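Results of the structural survey
Below, each chain spelled out in residue letters.
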Amino acid sequence: MHLCAKYYGVKKLPDLLMGIFLAVSAALLNATIGIFSKVLMEQGLSVQHIAFLKTLTGFVFISILLCRTGFTRQIADISKKKEAILPLLLKVAICAFFGIYTLFFFETTAYQYGNAANVVVVLMASAAVSALILDSILLDERIYISSVVGVGLAVSGIAVISWTGEGNLGLILNAALAGSGYGCFSVLIKKFGLNGGIYLTRILMFFGSIFLFIPSLEGIEDIHWQWSFIPPLLALSLLPTILGFYCTTKALDYLSAAKVQVTELAEPLFAAVLAWMFLNEIPEGRFFVGAILIIAGIVSINGLYRPLLKRVE
């Protein structure tokens, strides 16, 4: 700990560790999406319906939770600088467009062209790469060799775990656009000076529900509504939607967008563990190779290896 504090600085080390903890927590929470979504799809809901309902439910839940907190105060706590309400809401709407609608729309479209696992590979890879590039362009963040190596290792790990070798242009293009939208979302949160947290999450859910409403109308008349929808839908709303966005936006208070995106690439590791625990899906041997690469990538981009090198010297 003494070497870590000496290298990172007394103030920087707690921020780094908190940022990593929040990003890893977001990855763990996001890993539950597959389990609960699979349950809802088996009951007759489409991806479009699930995306809209979980976002709307998340907004309603947070609104009830914050019903005694004034809207003016909530808005004031979202921004790191004083500004008018309408321009601030516009910034949050833009973030919601990229982080919720763009991610959902192009991801859903990509699934029509091939294997879902391949979509995840391209999506998560493009999110990490786009965040690294946009960090440099929009936030003047320097691109270090350790950052490039970290992205490369983590993306390679994702590919080893999930890529099946079957991908066409439609899948790659749409999944890349979905991932780039999410990467852009992370960078814009920092660019606009937005404070991560429950207030920002609420407004993101509000605009996300609006953007997802029209796509959700397709096939809605064919849904056979039933009480069994409620438990998995509430779980989706609370875990990956509310808490997942909360942890991601809070992590951006401590880390660069690229570091958050790469650290969140730990999601497949948690997803595999959860699938093994709840769906009896045993991971293949290549999963462990990919896991090592992902962890190495996270260590590299966050510079966690540097105190160890210092000790060797």
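All of these numbers come straight from a predicted model, not from anything done at the bench.

Rules used in this analysis
Residues numbered from 1 in each chain as written. Predicted model: local features only at pLDDT ≥ 70, side-chain atom pairs only at ≥ 80, totals over all residues. Heavy atoms only, no water. Helix = DSSP H or I, 4+ residues; strand = E, 2+ residues; numbered from the N terminus. Rg over C-alpha atoms; globule rule 2.2 N^0.38 Å. Contact = heavy atoms within 4.5 Å. Areas by Shrake-Rupley, 256 points an atom, 1.4 Å probe, with all protein chains shown as cover. Lys, Arg positive; Asp, Glu negative; His and termini not counted. Charge placed at Lys NZ, Arg CZ, Asp CG, Glu CD. Patch = residues over 30% accessible without salt bridge, like charges linked within 9 Å, V, L, I, M, F, W, Y side chains within 5 Å. Salt bridge = Lys/Arg side-chain N within 4 Å of Asp/Glu carboxyl O. Buried < 20%, exposed > 50% of the residue type's maximum accessible area, 1.4 Å probe, protein only. Core = buried A, V, L, I, M, F, W, Y, C linked by side-chain atoms within 4.5 Å. Phe/Tyr/Trp six-rings, centres within 6.5 Å; stacked < 30°, edge-to-face > 60°. pLDDT = per-residue confidence, 0-100. Expected span 1.5 Å × (residues − 1). Bend = angle between axes of the 7 residues up to and from the residue. Polar contact = N/O pair within 3.5 Å; in protein donor to acceptor, adjacent residues only side chain to side chain.

Regarding its fold elements, the protein chain presents 15 helices and 0 strands. Taking 313 residues into account, the globule formula puts the C-alpha radius of gyration at 20 Å, and the protein chain, at 19 Å, falls close to it. The C-alpha extent of the protein chain, read off along each of the three principal axes, is 65 × 50 × 35 Å. Relative to all contacts within the protein chain whose residues are 6 or more apart in sequence, the contacts with residues 24 or more apart total 88%. Accessible surface computed for the protein chain: about 15,400 Å², of which carbon and sulfur atoms make up 69%. Once the 21 positive and 18 negative side-chain charges of the protein chain are each reduced to a mean point, those two points are 15 Å apart.

This next bit is on a nonpolar patch on the surface. Among the surface-exposed residues, Phe213, Ile214, Leu217, Ile220 and Trp225 lie close enough to one another that they form a single nonpolar patch of about 520 Å² accessible area. Mapping Trp225 onto the fold places it in the loop between α10 (198-216) and α11 (230-251).

What follows covers the pattern of salt bridges. A complete count under the given rule lists 3 salt bridges for this structure. A salt bridge links Arg73 to Asp77; the shortest N-O distance between them is 3.8 Å. Of this pair, Arg73 and Asp77 both sit in helix α5 (residues 71-78), 4 residues apart, which is roughly one turn of that helix. Judged by relative accessible area, Arg73 falls into the exposed class, the value being 52%. With a relative accessible area of 35%, Asp77 lands in the partly exposed category. One salt bridge in this structure joins Lys91 and Glu83, with 3.0 Å as the shortest N-O distance.

Before going further, it helps to examine the nonpolar core. Ranked by internal contacts, the top residues of the largest apolar core, which has 78 residues, are Ile78, Val92, Cys95, Leu194 and Leu204. The biggest single contributor to this core is helix α6 (residues 85-111), with 10 residues. In this structure Ile78 touches Leu88, Val92, Gly193, Leu194, Asn195, Tyr199, Leu200 and Ile203, once residues within four positions along its chain are discounted. With 5 residues, the next largest nonpolar core counts Ala110, Val119, Val122 and Leu171 among its residues.

Bringing the environment of Ala26 into the picture now. Counting through the fold element by element, Ala26 comes out in helix α2 (residues 12-30). Ignoring sequence-local partners within four residues, the contact set of Ala26 consists of Gly244, Cys247, Thr248 and Glu264.

Topologically, Arg202 is positioned in helix α10. Despite its burial, Arg202 pairs with no opposite charge; the closest candidate is Asp77, at 11 Å N-O.

So, about unusual backbone geometry. Among all residues save glycine, negative phi is the norm, and among peptide bonds the norm is trans. Phi at Asp140 is positive, roughly 60°, even though this residue is not glycine. Looking at where Asp140 falls in the secondary structure, it is placed in the loop between α7 (116-139) and α8 (145-162).

What follows concerns the packing of aromatic side chains. What the rule picks out here adds up to 13 aromatic pairs. Among the aromatic residues, ring-to-ring pairing joins Phe97, Phe98, Tyr101, Phe105, Phe106 and Phe211 into one connected group.

A word on the confidence of the model for the protein chain. Looking at the protein chain as a whole, the pLDDT averages 85, with 92% of positions reaching at least 70. Here residues 5-11 scores under 50 on pLDDT; set against residues more than four positions off or in separate chains, the count is 10 contacts.

A few words now on α10. Here α10 spans 25 Å end to end across 19 residues, near enough to the 27 Å set by a 1.5 Å rise per residue. At Ile210, α10 is deflected by roughly 25°, the largest bend along its length.

We now examine the side chain of Ser237. Secondary-structure assignment places Ser237 in helix α11. Assessed through its relative accessible area of 2%, Ser237 is described here as buried. Side-chain polar atoms of Ser237 contact the backbone oxygen of Lys54, separated by 3.2 Å. A polar atom in the side chain of Ser237 sits 2.9 Å from the backbone oxygen of Leu233. In this structure Ser237 touches Leu53, Lys54, Thr57, Gly58 and Ile242, once residues within four positions along its chain are discounted.

Once that is clear, we can look at helix α14 (residues 285-301). When the terminal C-alpha atoms of α14 are compared, their 26 Å separation across 17 residues agrees well with the 24 Å that a helix rising 1.5 Å per residue should span. The complete set of buried residues in α14 reads Phe287, Gly290, Ala291, Ile294, Gly297, Ile298, Ser300 and Ile301. Looking at the buried side of α14, the elements it contacts are α8, α12 (257-263) and α13 (267-278). Just downstream of α14 lies Gly303, where phi reads positive at about 70°.

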